[in-house]
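One-letter residues, chain by chain:
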Amino acid sequence: MPNRQFLVLPWMRRLVHGAFLLFCLFTGLRFYQFYQWAVAGGNYTQRPPSVEAFLPIGALVSLKQFLLTGQYDPLHPAGLTIFIAALVLGFFFRKGFCGWLCPVGYISEQLHSLTNRMTALVRQSKRPYLLRLPPWLDYPMRLLKYLLLGFFLYLILWKMDRAALENFSRSPYSITTDARMLLFFLHPSDLALGIMICLVLLSIVLRNFWCRYLCPYGALLGLLALGGPLQVARDSKKCIDCKKCEDICPADIKITAKKRLVTPECIGCLECVARCPQEDCLTLTVFFKKKLSPFLLPLGLLILFFTLWLTAKYTGHWRSSLPDDAFKHFYQMIHR
Ligand code: SF4
Ligand code: SF4
């Protein structure tokens, strides 16, 4: 018999993921209102610091600067805090930032689960038809995200010296990246719109297209997770080869080909553990030695995330030292 209490895990994940998506939409709305106040007048809305979560490249610059100088980015501190939190969560909780919090991953999974349901309905089968790229294409495509990551790491960690970091982070360009990102989504060029539509369509037919093939953020967290303490293990003696785990795995990992899931692709979602019909066949372990309750992963992840956030908030590492009026001045420059 499967551990029936684990069946609640996928619902917990949807709840947490959905709540973070709503929070991101709320942040986007607040930022839009702030931008409108800055460039068009009207009611004042305070700039939400969490908008900096969407500036990971600037956060990587800030992280290098912090490591070199000990100075915590005063202009975009929330961006750096969220980036550090994602790295810490990635290491300790199997890339859990992607699996439990990231709104892009959630949207991508929901788009594909729609296809799953529809194909299962059309075929009148409980097993969905999953479109998979052949291995000769799938494996090289998975490398794309590492190439993108390598490009950014080379540019920032290797090429930028202290002076370049300082110049970048204090430049009007860096200060207005949040507003530029908003404008990018509000008024995308034809090319950008075409790319976004392609990504949505590809995510509908191919499971987690963006996360599996293109996201450099996820690639970085996956590499960190390789050295982390938590792993999913499979007891091949108990496995009945039903493939339920592979049908549900958002990262499309060949779970039944492995005894130990040592892979940078696993996002720690625990869908496989929850759906496996064999008791103790798939388990969450610490270094493949000690078995853990799978509930400890989301619990630990959320506790650590909120602890880091509260610590940053109450130690002055959350809100920018730049007053909102100064942001207004810079936004008006790009608006003009
Ligand atoms: S769901 Fe469990 S029993 Fe079925 S193939 Fe996967 S590991 Fe084996
Ligand atoms: S192997 Fe299991 S925990 Fe890892 S991504 Fe796939 S379903 Fe989630």
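Residues numbered from 1 in each chain as written. Chains lettered and ligands numbered in written order. Predicted model: local features only at pLDDT ≥ 70, side-chain atom pairs only at ≥ 80, totals over all residues. Heavy atoms only, no water.

1. Re the site of ligand 1
To be explicit about the condition: For each residue, the test is whether any non-hydrogen atom lies within 4 Å of the molecule or strand; if one does, the residue is near. Residue type decides the class: Asp, Glu, Lys and Arg count as charged, Ala, Val, Leu, Ile, Met, Phe, Trp, Tyr, Cys and Pro as nonpolar, and the leftover types, Gly among them, as polar.
Near ligand 1 you find 14 residues, and of these C239, C242, K243, C245 and C276 are the closest. Looking at the shell around ligand 1, its residues break down into 8 nonpolar, 2 polar and 4 charged.

2. Some thoughts on the packing of helix α5 (residues 103-122) against helix α10 (residues 190-205)
Selection criterion: Interaxial angle, 0 to 180 degrees, is taken between N-to-C directions of lines fitted to C-alpha atoms, where a helix line uses only the stretch in contact. By the criteria applied, helices consist of DSSP H or I runs no shorter than four residues and strands consist of E runs no shorter than two, each listed in order from the N terminus. Any angle that is under 35 degrees is reported as roughly parallel, and any over 145 degrees as roughly antiparallel; angles of 65 to 115 degrees are reported as roughly perpendicular and all others as oblique. By definition, turning the near helix anticlockwise from the far helix through less than a right angle yields a left-handed crossing, and turning it clockwise yields a right-handed one. Whether two residues touch is decided by their heavy atoms; if any such pair falls within 4.5 Å, the residues are in contact.
Interhelical geometry of α5 versus α10 gives an angle of 50° and a closest axis separation of 7 Å. Accordingly, the angle class assigned to the pair α5 and α10 is oblique. Considering how the two elements wind past one another, α5 and α10 form a crossing that is right-handed. Taking contact as the criterion, the partners of S108, L111, H112 and T115 in α5 are, on α10, V200, S203, I204 and V205. Its residues placed into classes, the contact of α5 with α10 shows 4 nonpolar, 4 polar and no charged.

3. Some remarks on the pairing of strand β2 (residues 282-286)
The condition is simple: Only protein chains enter the area calculation, which uses a 1.4 Å probe; residues under 20% of their type maximum are buried, those over 50% are exposed, and those in between are partly exposed. For two strands to pair, DSSP has to find at least two bridges joining them.
With respect to burial, β2 is a largely interior element, 4 of its 5 residues being buried. Alignment of strand β1 (residues 230-234) against β2, held across 5 bridges, turns out to be antiparallel. Directly across from Q231, in β2, lies its bridge partner T285. Here β2 runs beside strand β3 (residues 290-292); their pairing, made up of 3 bridges, is antiparallel. If you follow L284 over to β3, its bridge partner there is L292. Counting the residues between successive antiparallel strands, the hairpin from β2 to β3 contains 3 residues, one of them, F287, with a positive phi of roughly 50°.

4. Digging into the nonpolar core
This is how the line gets drawn: The definition of a nonpolar core used throughout is a set of buried Ala, Val, Leu, Ile, Met, Phe, Trp, Tyr and Cys residues joined through side-chain atoms within 4.5 Å.
In this structure, F83, F97, L101, I255 and L282 are the most contacted members of the largest nonpolar core, which totals 53 residues. Here the element with the most residues in this core is helix α3 (residues 77-92); it accounts for 6 residues. Ignoring any residue separated from it by four or fewer positions in sequence, one finds L101 in contact with V16, H17, F20, L89, G96, L301, L302 and F305. Membership of the second largest hydrophobic core comes to 16 residues, among which are F31, F34, Y35 and V51.

5. So, the site of ligand 2
Around ligand 2, the structure places C249, P250, A251, I253, I255, L261, C266, I267, C269, L270 and C272. Its residues assigned to classes, the shell around ligand 2 shows 11 nonpolar, no polar and no charged.

6. Focus: the side chain of D73
Stated precisely, the cut-off is as follows: Counted as positive: Lys and Arg. Counted as negative: Asp and Glu. His and the chain ends are not counted at all. For salt bridges, the criterion is a side-chain nitrogen of Lys or Arg within 4 Å of an Asp or Glu carboxyl oxygen. Distance and chemistry together define a polar contact, namely a pair of N or O atoms within 3.5 Å, with one atom able to donate a hydrogen and the other to accept it when in protein, and with adjacent residues in sequence counting only for side-chain atoms on both sides.
With respect to the element layout, D73 can be found in the loop between α2 (56-69) and α3. Although buried, D73 forms no salt bridge, and the nearest oppositely charged side chain, R170, lies 7.1 Å from it. A polar contact is formed between the side chain of D73 and the side chain of S62, at a distance of 2.7 Å. A polar contact of 3.2 Å, which involves the side chain of D73, links it to the backbone nitrogen of H76.

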